[in-house]
Amino acid sequence: MSSNYPSLFRSEEMSLVQLYIPSEVAHDTISELAEMGNFQFKDLNPTVTAFQRPFTPRLRRLAESSRRLRLFQSQIKSLAPPLGIPPLSAIPPFTTVGPRAQNAFDELEDKLREHERRLVDMNKSWEELGKRKSELEEKRWVLRETAGFFNEAEHRHTEIRTSFDDGDGTAPLLEHAAEYGTLPPEGGLSSFDLEFVSGTIERTRMPTFERILWRVLRGNLYMNYSEIEEPFIDPTSGKETHKDVFIIFAHGPELLAKIRKVAESMGGALYTIDSSQDKRADALRDVAARLEDVEAVLYNMGQTRRVELSKIAEGLESWKDAVRREEEIYKTLNLLSYDQGRKTLVAEGWCPTRDLTIVQLGLRRAMETAGTSVPAILSELRTHQTPPTFHRTTKFTVGFQTIIDAYGIATYQEVNPGLFAVITFPFLFAVMFGDIGHGFIMFLGGLAMVLFERQIEGKIDENLETFFFGRYIILLMGAFSTFTGFMYNDIFSKSLSIFSSGWEWPTNSTGQVSAISTGHVYPFGLDPVWNGSDNSLIFTNSYKMKMSIILGVIHMTFAICLQVPNHIHFRKPLNIYAEFIPQILFMHSIFGYLVVCVIYKWSVDWSQSSTPPPGLLNMLIYMFLSPGSIEPSTQLYAGQGFVQVVLLLVALVCVPWMLALKPYKLWKEHNAIKEQGYRGIGGVDHGNGHGHGNDDLEEEEEGAGQPVAEPMEEDHPFDMGDIIVHQVIHTIEFCLGCISNTASYLRLWALSLAHAQLSEVLYEMTLESAFLYEGSGVVATIFVFCMFAMWFFMTIAILITMEGLSAFLHALRLHWVEANGKHYMAGGYPFTPLSFAVIGEEADA
Amino acid sequence: MSFFHIVSVGFVVAIIAAAAWFLTPKGKDQVLIRSSVALALTCCYLMWAITYLAQLHPLIAPRRADLRFED
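Scoring rules and cut-offs
Residues numbered from 1 in each chain as written. Chains lettered and ligands numbered in written order. Predicted model: local features only at pLDDT ≥ 70, side-chain atom pairs only at ≥ 80, totals over all residues. Heavy atoms only, no water. UniProt positions renumbered as here; feature names shortened; annotations may be inferred. Patch = residues over 30% accessible without salt bridge, like charges linked within 9 Å, V, L, I, M, F, W, Y side chains within 5 Å. Areas by Shrake-Rupley, 256 points an atom, 1.4 Å probe, with all protein chains shown as cover. Salt bridge = Lys/Arg side-chain N within 4 Å of Asp/Glu carboxyl O. Lys, Arg positive; Asp, Glu negative; His and termini not counted. Charge placed at Lys NZ, Arg CZ, Asp CG, Glu CD. Helix = DSSP H or I, 4+ residues; strand = E, 2+ residues; numbered from the N terminus. Buried < 20%, exposed > 50% of the residue type's maximum accessible area, 1.4 Å probe, protein only. pLDDT = per-residue confidence, 0-100. Contact = heavy atoms within 4.5 Å. Expected span 1.5 Å × (residues − 1). Axes fitted to C-alpha atoms, helices over the stretch in contact; angles between N-to-C directions. Parallel < 35°, antiparallel > 145°, perpendicular 65-115°, else oblique. Left-handed = near helix turned anticlockwise from the far one by under 90°. Nonpolar A, V, L, I, M, F, W, Y, C, P; charged D, E, K, R; others polar. Buried area = accessible area lost by both parts, 1.4 Å probe. Polar contact = N/O pair within 3.5 Å; in protein donor to acceptor, adjacent residues only side chain to side chain.

As annotated in an unreviewed UniProt entry, chain B carries the name V-type proton ATPase subunit E and is attributed to Tremella mesenterica. Entered under Sequence similarities (unreviewed entry) in the UniProt record, the comment concerning chain B runs "Belongs to the V-ATPase e1/e2 subunit family."

Per an unreviewed UniProt entry, the recorded name for chain A is V-type proton ATPase subunit a, and the organism is Tremella mesenterica. In its Subcellular location (unreviewed entry) section, the UniProt record describing chain A reads: "Membrane". Under Function (unreviewed entry), UniProt gives the following word-for-word description of chain A: "Essential component of the vacuolar proton pump (V-ATPase), a multimeric enzyme that catalyzes the translocation of protons across the membranes. Required for assembly and activity of the V-ATPase."

Okay, structure coming up:
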């Protein structure tokens, strides 16, 4: 069944391949395979823990390197005038393959280690100097600010010396600090040799600090403080802190010691300063000079650090890429098993059969790059294991395939509904979203994303990324919505009169008037006369409801028919006549008949008929309740009773047919095998005759299970009970499903009705009210302008985005439940080849 | 007469679909193009045909009470 070209219809044929790789080319071979991205390695030592694997030490070293690279990157990114990291495309690549690669990596490792050491040293002294600098700055502030206090005190102490009353603890000292002055009475008033503590503390802690001191010293202190305007910037974390300078006068060494302790416990920094003005001035000069020195050193160090980092930045991207690749290669090498005697590594894995020659070429290329003369040897294995499912998607189909894969990964080589979802998904969406205007805007949005693909790619945020990923879906949804909009004759809730209407309004009557048919039918879509007429909903509801059922039955029939290629491909003719045929008969004897009746009723001119048009819903109900008897007034066609009895009987026969035939056949087959004497030696013999019945069984049982990678254990006991239970469930599910799923397609009508009504209401509430406004020209113009803005915004936000999402969800459900449920086994597991491209994407995300 | 329209348009659509089926160049997208064109044509034709049929012998006539006549 393999064709010349891959298609979405079935997943790719896969081969289980064994590679014998001489250890000297192992690294380059894996690299080459990952470059091509079409080989999925299997773990050949699943029992070995991660620590015991041979390349784990190497991986650890690589992890260390990648940690270093991350460190460098974060340091470069936090550099103050930002330093650009040249992208991967702008720098020469780091060679990861070839005979020199190993050395190159060792050198790289040394280089990174050296860089890290230097950087860490630099950062350490940078930090120390920074701390030093901020200390000096604080001291400078303390000196400056306290100078103010001392001066103030010196000026005032003569005036207030008599007013001191140190024992007056009740006086709220802090509030009245200025009045009380700064001097305790005992000290020599003129000599001014006070005892005090000065320093800085964080501003937020200041009030607490004050209160504690006040309590601890029972008010025996005088405190003064002032705010430092400039924030201090922490050299390591870059955090800003605001600080206050404080100076506390108190008497007695004990009190001073207490103050010091309190200040230190609150995280304050203490600076000793002298009380004499001259010495303070000296200290200030000294501090300023030292600060200057420190700043100069810091500046130089910053420059060297920047140079160092820019040197690292140059190679950073290529190193990162190389280390990432190397890590992936060694992780893969860990999966292989090592043949000690022959010095070869043995790899096993899946590869698309179509790509085998490409892989062969790749192996030769790897040998050349490695500079040896022994290539890896490829041999194909025959296996009973289930291969992974691999669909080759393009940027156009990948969105649709994702929709299907979200439901389940296709069983290996089964018919892939993704191929058909390309059209049916946007179409069913459009049936719910039909509006020329909304559809066209959506189409333009999709078109813009498709045309400016290159410019947009990778430059939008995560939420919009989803829309971008589905751009082709949006494009097709928009296109189909425009078409269905023409069918519904709806453009922003108005209608187009492209052709002449099939109805005319009488010109002479007033009040409630009915239009008169001109005898011809509006050729393309719904007649515009219905738009705005009083009974338009009655007509469109009946039309859309019936259309939903017709489309639903056709869609489900299509889905059931997709079973057939599967049954033929997997060589199970039994399933065709034990499942497919009764299913399709059951479905069509009830709902197919309904569809035929709908179409028949439409095509009969009831105004010429002797009977009134019958209700089809009642007809369907009475087909079950009173089979065979039709009331003459509700007869649709002659002989209706007989036809309905036959159809009902067919449907009834289908139920036991689905239920019993398959288990019976399987049981008979099993007995036949048993009689041939194969029983009991199954464990030894994996020959031809024995497999068939069991294979069927396995398939049924493991329909949704994980594929087990144990090749040779397949002697399932034949369990009749299991088969019967499974078949009963399957039959009930199908019969009930037929009814509920058909009803489920009515959502097509419901959603399209809701969409049309919502857009009509929006138009009436905004634009129409503006057009009907009777006021002065200027006001009306502004009113219309505002209302248009509102209408347009809400059209985009509610009618297109939100309604679009809701219709999308319903289309999704119709595909997953109603269609996929009929044929899609979805018991596969995805093909996940080793690929550098995928790894790169993940790392960037 | 009108039913004839549906059949004839269906015929035209079928011819277009067949032409697209056979004119699709061989290549890796052949299956995709063939199935997509055929399905798209079928869907659109179905929708049109249903809409047309529904108006063929209408059971009710549009009514409205807000007509104004200009004399």
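What follows picks up the thread again.
### Some thoughts on a negative patch on the surface
All names here are of chain A. A cluster of like negative charges, contributed by Glu457, Asp461, Glu462 and Glu465, occupies part of the molecular surface. On the secondary structure map, Glu462 appears in helix H13 (residues 462-469). The class for Glu462 is exposed, based on a relative accessible area of 71%.

### Comments concerning the confidence of the model for chain A
All names here are of chain A. Scored by pLDDT, chain A comes out at a mean of 84, with 89% of its residues at no less than 70. Taken together, the stretch residues 161-192 has pLDDT below 50 and engages in 38 contacts with residues farther than four places along the chain or on a different chain. Long-range and interchain partners of residues 682-713, a stretch whose pLDDT sits below 50, account for 43 contacts in this model, where long-range means more than four residues apart.

### Things to note about helix H2 (residues 56-77) of chain A
Given a rise of 1.5 Å per residue, 22 residues ought to cover 32 Å, and the 31 Å separating the end C-alpha atoms of H2 of chain A matches this to within 8%. Listed as buried for H2 of chain A are Thr56, Arg58, Leu59, Leu62, Ser65, Ser66, Arg68, Leu69, Phe72, Gln73, Gln75 and Ile76 of chain A.

### Some details on the environment of Pro58 of chain B
Mapped onto the elements, Pro58 of chain B comes out in the loop between helix H2 (30-54) and strand S1 (63-64). Separated by 32 residues in the primary sequence, Pro58 of chain B and Lys26 of chain B place their C-alpha atoms 47 Å from one another.

### Thoughts on the packing of helix H1 (residues 23-36) of chain A against helix H7 (residues 277-333) of chain A
All names here are of chain A. For the pair H1 and H7, interaxial distance at closest approach is 10 Å and the crossing angle is 110°. Between H1 and H7, the crossing angle belongs to the class labelled roughly perpendicular. The way H1 lies across H7 gives a crossing that is right-handed. Between H1 and H7, the residues in contact are Ala26, His27, Ile30, Ser31 and Glu35 and Arg325, Glu326, Ile329, Tyr330, Thr332 and Leu333, respectively. Per-class residue counts for the contact of H1 with H7 are five nonpolar, three polar and three charged.

### Side note on the interface of chain B and chain A
Contacts between chain B and chain A engage 35 residues on the former and 60 residues on the latter. Each partner contributes to the roughly 4200 Å² buried at the junction of chain B and chain A, and carbon and sulfur atoms together form 75% of this total. Looking at the side of chain B facing chain A, the largest losses of area belong to Met47, Pro62 and Arg63 of chain B, adding up to 17% of the total buried there. Inspection of the chain B/chain A interface yields 13 residue pairs in polar contact (both at pLDDT 80 or more). Contributions of two or more residues to the side of chain B that touches chain A are made by helix H1 (2-23), H2 and S1 of chain B. Sort the elements by how many residues they give to the side of chain B that touches chain A and H2 of chain B lands first, with 16 residues. Residue composition of the side of chain B that touches chain A, by class: 23 nonpolar, seven polar and five charged.

### As for the pattern of salt bridges
All names here are of chain A. Using the criterion set out here, one finds 34 salt bridges over all chains in the structure. Residue Arg58 pairs with Asp106 through a salt bridge whose shortest N-O separation is 3.8 Å. Pair noted here: Arg58 is in helix H2 and Asp106 is in helix H3 (residues 101-160), with a separation of 48 residues, a long-range link. By relative accessible area, which is 13% here, Arg58 ends up buried. Residue Asp106 is classed as partly exposed on the basis of its relative accessible area of 28%. A salt bridge links Asp321 to Arg325; the shortest N-O distance between them is 3.0 Å. One end of the pair, Asp321, and the other, Arg325, are both in helix H7, four residues apart, so they sit about a helical turn from each other. Across the pair, exposure class does not vary: Asp321 and Arg325 are buried alike. One network of salt bridges, in which partners are shared, links Arg58, Arg61, Asp106, Glu109, Asp110 and Arg113.

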